[in-house]
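Summary of the model geometry
Each chain, letter by letter, is given below.
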Amino acid sequence: MTAAAATARPARPAAPARHLEIAPSRAQRRARPRLAVALGTMTGIVVILLAQLGLSIAVADGAYRISSLQLQERDLGRQGEALAEQLESLQSPQFLARSAEALGMVASGSLPYIDLATGEITGKSTRSGGSILGRDGGLVANITIEGVQTVQPQAAQDAQAAEQQQEEAAAEGSRLAPGLHVVGDPGAPQSEGAGSDVSSGPGTLASPVTR
Amino acid sequence: MIDPRGTRRRLALTVVMVFAILAVFAVRLVDIQVVRAGELAAGAAEHRTRDVVVYGTRGSIVDHDGVVLADSVQRFDITASPVNVPFGATTDMRRDGEWVQVPTSDAIAAIAALTGQDPAALTAVLTDALAEDPEANFAYLVRKVTLDVFEQVRALGIPWVYSELHPARSYPSGAVAGNLVGFLGTDEPLTGVELYMDECLAATNGRTVYEAGADGVALPGTAIAETEASDGGTVRLTIRSDLQWYVQQLLGQEGGRLGADWATAFVVRVADGHVMAAADWPSVDPNDFLAVPGDDRGARSFVSPYEPGSIMKPFTFASLVDAGEVDYGEQLRVPSEYTEGLPPGYRITDAWIHGEMRWTAAGVLAESSNIGTSMLSTRLSAAERRDYLTAFGFDQPTAVGFLGEDPGQLRELDELDPVTNVTQQFGQGMTATSAQIASAYQALGNHGVHVPLTLVEGCELPDGTVVAPEPSEGTRVVSQRAADETVRVMEQVVSRGALSSLVDFPGYRVAAKTGTAEVAENGQYGSQRIISVAGLVPADDPEYVVVVTIAKPDSMRVSAAVAPAFEAIVEQVIKTFRIEPSAQNSPKVPLTW
């Protein structure tokens, strides 16, 4: 006990039973928990607990999200694979031949060649090869395309029309007719085809549009 | 008044009881936490732990341009828990998006309608499983259905129906190259490229272990043990699937027209020995290989040797010219039969009866005279001739190394009888596969340099690395002069010989040799024939070998019957590969004098 703490209060004469109390020292006063600190600590704990709760809710929620996204990924992957599988079958030579035949296409004959340097034509064109499948029909089995409907003439026409429309829309900007055009011909509009990407030299033919 | 003693007693009793209960709890606690801790924890973990197989994807087989010939696909097994099927009661089911209670028989009928089965058969599956084991918890309703069917069944939401993933194999191009590609059995590859490139194609399954809640969602923060699945590599073949299809279609037409037993055709690129098409007829659709007899499921072109006949003659002549023993201009008097060195009673004749012919050596080859070939071939010793034929690739499997590939047969020198000694020079008494013939013609077209036959371009691993066989320099079999002159003589067969009236290639020079081989059955040559035409296009600088073989035709038993197929394939090859027309016409080589 320090000297200051031991200092007695001035005595009062008329007090028969005085209640004496040891005054707390400054250090003791300081050591006493303060309300603010207690409140702060409690709030801190509550906040931490709440944060933890929030985090675990978020993590659990994340787990469900991951799980559902994984399921979605799996299902989409499966769909993708199933579609790829269908596409692979539709790309098979059997299906192409059957569809071509159904559209009335025939095999081409042999082709003549033009030597661009000399203009000389080599080889002879022969008559068309006739039916692609022949009278026996498709003889190379493929059960993956069994019962699959061939490309229909109407569908082919629609696709062609759609393509043409697109092309016309694209050609409008260039003011050049789609197809083959001669660059360098004095009669033809010169370099007005800003949209055209044909960069042939004068006198040469632009690449023809083939389908 | 309160009796203080009574109060104390009650207090004591309460304390004793509290401690007794505490003691029971403590014992139980020790029992659970210490004595049975391991067992219980393991049980709990087992209950939470999900162990899932992660399937690796078996690699695909594609043609040169990436057209898929074999691919891994997902199929689903639909299973049920028979013990949980409420027979004679109702089942919850979703119909048009709404939950309804329907009689169980209706639920079974709904599944059957989607899987295309008979409802009675489905019911039988369930009742049979229950008959075997009244507690049966598992039965396959249908196996390997497509995603489409699986999703529709799943949408029914029937509680006792489950499903399993069933990785499967699909061959989207069907029978195109089906005999080469091969197929898988239940799980294992059975034949073809599937089997012999299995090392590249095979995938390893992985597994994931994680802890999950009751709804199957992984518990956050639980340990996940993962063994990654590794996918198989992609095998790229040298095959061009469109050409392959064309050749198979054609073989089907021609084989059927001639009433043949089987047919094969090869298109091989001369420069590097790559196989552009290798067709077998009858062909097999690997999706449905049980539909054809066992003999037709493999690749006859690689595994079935036969006596090739006269299409062997160009190799004999190229050897003789290379050795300097024969000049194509040499003038010969070819008699009506050949008996020299043969045992009494044996004689070698030509396909048609003739008196003494004044042929040049070129004439002997172009007219396919067995007598003339026999006269000339004995100028080389049997050992020298055997060496030449071996260098052309006979008596050994081709470099393709197709599984079960047959090496063909040339007799050993000490087993060589006087007749076979001569006849094997025109393809009788020896055997070869179509692949060997095609490979040998490659050497003739390649100016005498034999390059190993190649069917597999490489194996592309999932990480992008490509394992490709080393391109071979090739080995010289005969001199360029010997090879080129032989091709020139073969051109005469097309331009003015046996094939001239049967085939026409406007603008192109084509070299070819025909073969009509007798087929030995039960040790005797009978009336059956194996007919073939082998050729090179364009003849002025060969780019492609075309070999067509048709076995045991009923209607026409001469090589002329193969001409239409040969012509069509050569034309298709010209169109497919845009072969330039020949600048000049075929030069004339004197055949007679």
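This part is about the environment of A:Ala27. When you line up the elements, A:Ala27 lands in helix α2 (residues 26-31). When the C-alpha positions of A:Ala27 and A:Ala156 are compared, they lie 98 Å apart, and in sequence the two are 129 residues distant.

Here we come to the confidence of the model for chain B. All names here are of chain B. Confidence in the prediction of chain B, expressed as mean pLDDT, is 90, and 99% of residues score 70 or more. Within chain B, strand β9 (residues 225-227) has the poorest average pLDDT of any element, 79, and strand β11 (residues 262-269) the best, 96. Confidence metrics for the complex model read pTM 0.81 and ipTM 0.82.

Residue and element names in this part refer to chain B. Closest axis-to-axis distance for the helix α11 (residues 313-322)/helix α17 (residues 480-495) pair is 9 Å, and the angle between their directions is 140°. As far as their axial angle goes, α17 and α11 are oblique. Of the two elements, α11 crosses α17, and the hand of that crossing is right-handed. Residue-level contacts link Pro314, Ala318, Val321 and Asp322 of α11 to Arg481, Ala482, Glu485, Thr486 and Met490 of α17. The residue makeup of the contact of α11 with α17, split by class, is 5 nonpolar, 1 polar and 3 charged.

Our next topic: the pairing of strand β4 (residues 90-95) of chain B. Both β4(B) and strand β5 (residues 98-103) of chain B contribute to a ladder of 6 bridges, which runs antiparallel. The residue of β5(B) that forms the bridge with B:Thr91 is B:Val102.

Residues and elements named next belong to chain B. All told, the structure shown has 14 aromatic pairs over all chains when counted by the stated rule. Each ring, one from phenylalanine 76 and one from phenylalanine 150, has its centre 4.1 Å from the other, and the planes form 10°; the classification is stacked. On the criterion of sequence distance, the pair formed by phenylalanine 76 in strand β3 (residues 68-80) and phenylalanine 150 in helix α5 (residues 147-156) is long-range, its members being 74 residues apart. When the ring of phenylalanine 138 is compared with that of tyrosine 140, the centres are 5.0 Å apart and the planes differ by 80°; the resulting orientation is edge-to-face. The exposure class of phenylalanine 138 is partly exposed, given its relative accessible area of 42%.

The rules behind the values
- Residues numbered from 1 in each chain as written.
- Chains lettered and ligands numbered in written order.
- Predicted model: local features only at pLDDT ≥ 70, side-chain atom pairs only at ≥ 80, totals over all residues.
- Heavy atoms only, no water.
- Helix = DSSP H or I, 4+ residues; strand = E, 2+ residues; numbered from the N terminus.
- pLDDT = per-residue confidence, 0-100.
- Axes fitted to C-alpha atoms, helices over the stretch in contact; angles between N-to-C directions.
- Parallel < 35°, antiparallel > 145°, perpendicular 65-115°, else oblique.
- Left-handed = near helix turned anticlockwise from the far one by under 90°.
- Contact = heavy atoms within 4.5 Å.
- Nonpolar A, V, L, I, M, F, W, Y, C, P; charged D, E, K, R; others polar.
- Pairing = 2+ DSSP bridges.
- Phe/Tyr/Trp six-rings, centres within 6.5 Å; stacked < 30°, edge-to-face > 60°.
- Buried < 20%, exposed > 50% of the residue type's maximum accessible area, 1.4 Å probe, protein only.

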